[in-house]
Amino acid sequence: MKVQLVKLAHARSGDKADWVDFGLFAWNEAGYRLIAREVTAERVQAHFAPWLPGTVQCWALPNILALKLVLQGALQGGGARNLRMDNLGKAMAAALLRMEIDVSAAELAEAGATPRVGWWPEAS
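All values reported here derive from a predicted model rather than from experimental measurement.

Engineer: What am I meant to see in the overall build of the protein here?
Structural biologist: In terms of regular secondary structure, the protein is built from 4 helices and 6 strands. For the protein, the N- to C-terminal ordering of α and β elements is β-β-β-α-α-β-β-α-β-α. Looking at the protein as a whole, 40% of its 124 residues qualify as buried. Taking all contacts inside the protein whose residues are at least 6 apart in sequence as the whole, residues at least 24 apart take part in 62%. Of the accessible surface of the protein, which amounts to about 7,100 Å², a share of 59% is contributed by carbon and sulfur atoms.

Here's what the structure looks like:
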């Protein structure tokens, strides 16, 4: 089945010049296993293809249940030069969380049942 990343993770982002930098943080270890398997530089490049003529680099950070992604050439020369609305990293992080990945029903159930790691309270 297909599921959006927002069900498994949250994102932090930033931008500098013509690059966007994402931290994609899984809510728990079960979710991290899924994003580490499914979120690749190639898939992120394909997801952002209409906006991204540049390259994507991806690093796994298993000790913090995260992936670091850097999108080069993502802002059409930089935020101030770009004609696109909401072109900065925060808007693109929201777009990243809408990316769909393939998971089984059992994997999704495990990720949903595993407690979240971190300081935030459980969602009600």
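Engineer: How do you make sense of the sheet that holds strand β2 (residues 9–16) when you look at a structure like this?
Structural biologist: The strands that make up a sheet are held in pairs by hydrogen bonds between backbone atoms, and each pair lies either parallel or antiparallel. Spatially, the 4 strands line up as an open sheet ordered β2-β3-β5-β4, and their pairing is antiparallel. Because the sheet does not close on itself, it has two edges, and the strands there are β2 and β4 (56–61). Sheet twist, expressed as the average angle between the axes of neighbouring strands with direction ignored, equals 15°. Relative to strand β3 (residues 19–26), β2 is paired through 8 bridges, and the arrangement is antiparallel.

Engineer: It is not clear to me how the packing of aromatic side chains should be interpreted in this structure. Could you clarify?
Structural biologist: Think of a pair of aromatic rings as described by two things: how far the centres are apart, and how the planes are tilted against each other in angle. Overall, the coordinates contain 1 aromatic pair when judged by the stated rule. Ring centres 6.0 Å apart and planes at 20° place the aromatic pair phenylalanine 22 and phenylalanine 48 in the stacked group. Taken as a pair, phenylalanine 22 in strand β3 and phenylalanine 48 in the loop between α2 (41–47) and β4 lie far apart in primary sequence, 26 residues in all. With respect to burial, phenylalanine 22 and phenylalanine 48 carry one shared label: buried. Its guanidinium or amino end placed over the ring of tryptophan 27, arginine 116 lies 3.8 Å from that ring's centre, counting from NZ or CZ.

Engineer: Looking at this structure, how should I read the pattern of salt bridges?
Structural biologist: Opposite charge on two side chains lets them pair, provided their charged atoms get close. Applying the stated criterion across every chain yields a total of 6 salt bridges. Between glutamate 38 and arginine 37 there is a salt bridge, with its nearest N and O atoms 2.8 Å apart. With relative accessibility at 9%, the residue glutamate 38 sits in the buried group. For arginine 37, a relative accessible area of 40% gives the class partly exposed. Among the salt bridges present, the one from arginine 43 reaches glutamate 38, with a minimum N-O distance of 2.4 Å. Arginine 43 gets classed as partly exposed once you look at its relative accessible area, which sits at 39%. Through salt bridges that share partners, Arg37, Glu38, Arg43 and Glu107 make up one connected network.

Engineer: Is there a simple way to think about the pairing of strand β5 (residues 66–72) in this case?
Structural biologist: Side chains on a regular strand alternate between the two faces of the sheet. Burial of β5 is extensive: 6 of the 7 residues sit out of reach of the surface. Judged from the 7 bridges that link them, β3 and β5 form a sheet pairing that is antiparallel. Its bridge partner lying in β5, valine 20 is registered against leucine 71.

About the thresholds
- Residue numbering note: each chain is counted from 1, following its sequence as written.
- With pLDDT at 70 or above as the cut-off, local features in this predicted model cover only qualifying residues; side-chain atom pairs require 80 or more to be listed or tallied, and sums for whole chains, interfaces and linings still use all residues.
- Here the side-chain values reflect all heavy atoms present in the structure, with hydrogen atoms and water set aside.
- Secondary structure elements are defined from DSSP: runs of H or I of at least 4 residues count as helices, runs of E of at least 2 residues count as strands, and each element is numbered from the N terminus.
- Buried, partly exposed and exposed residues are distinguished by accessible area as a fraction of the type maximum, computed with a 1.4 Å probe on protein chains only: under 20%, between the cut-offs, and over 50%, respectively.
- By the convention used here, residues are in contact when the closest approach between their heavy atoms is within 4.5 Å.
- All accessibility values rest on the Shrake-Rupley procedure with a 1.4 Å probe; residue burial counts only the protein chains present in the view.
- Here, strands pair whenever DSSP counts at least two bridges between them.
- To get an axis, fit a line to the C-alpha atoms, keeping to the stretch in contact for a helix; angles then go from 0 to 180 degrees between the N-to-C directions.
- Note on ring pairs: Phe, Tyr and Trp rings are taken, using the six-membered ring of Trp, and paired if centres are within 6.5 Å. Classes follow the plane angle, with under 30 degrees stacked, over 60 edge-to-face and the rest tilted.
- Placement of a charge over a ring requires the Lys NZ or Arg CZ to be within 6 Å of the ring centre, with the centre-to-atom vector within 35 degrees of the ring normal.
- Think of a salt bridge as a Lys or Arg side-chain nitrogen and an Asp or Glu carboxyl oxygen that are within 4 Å of each other.

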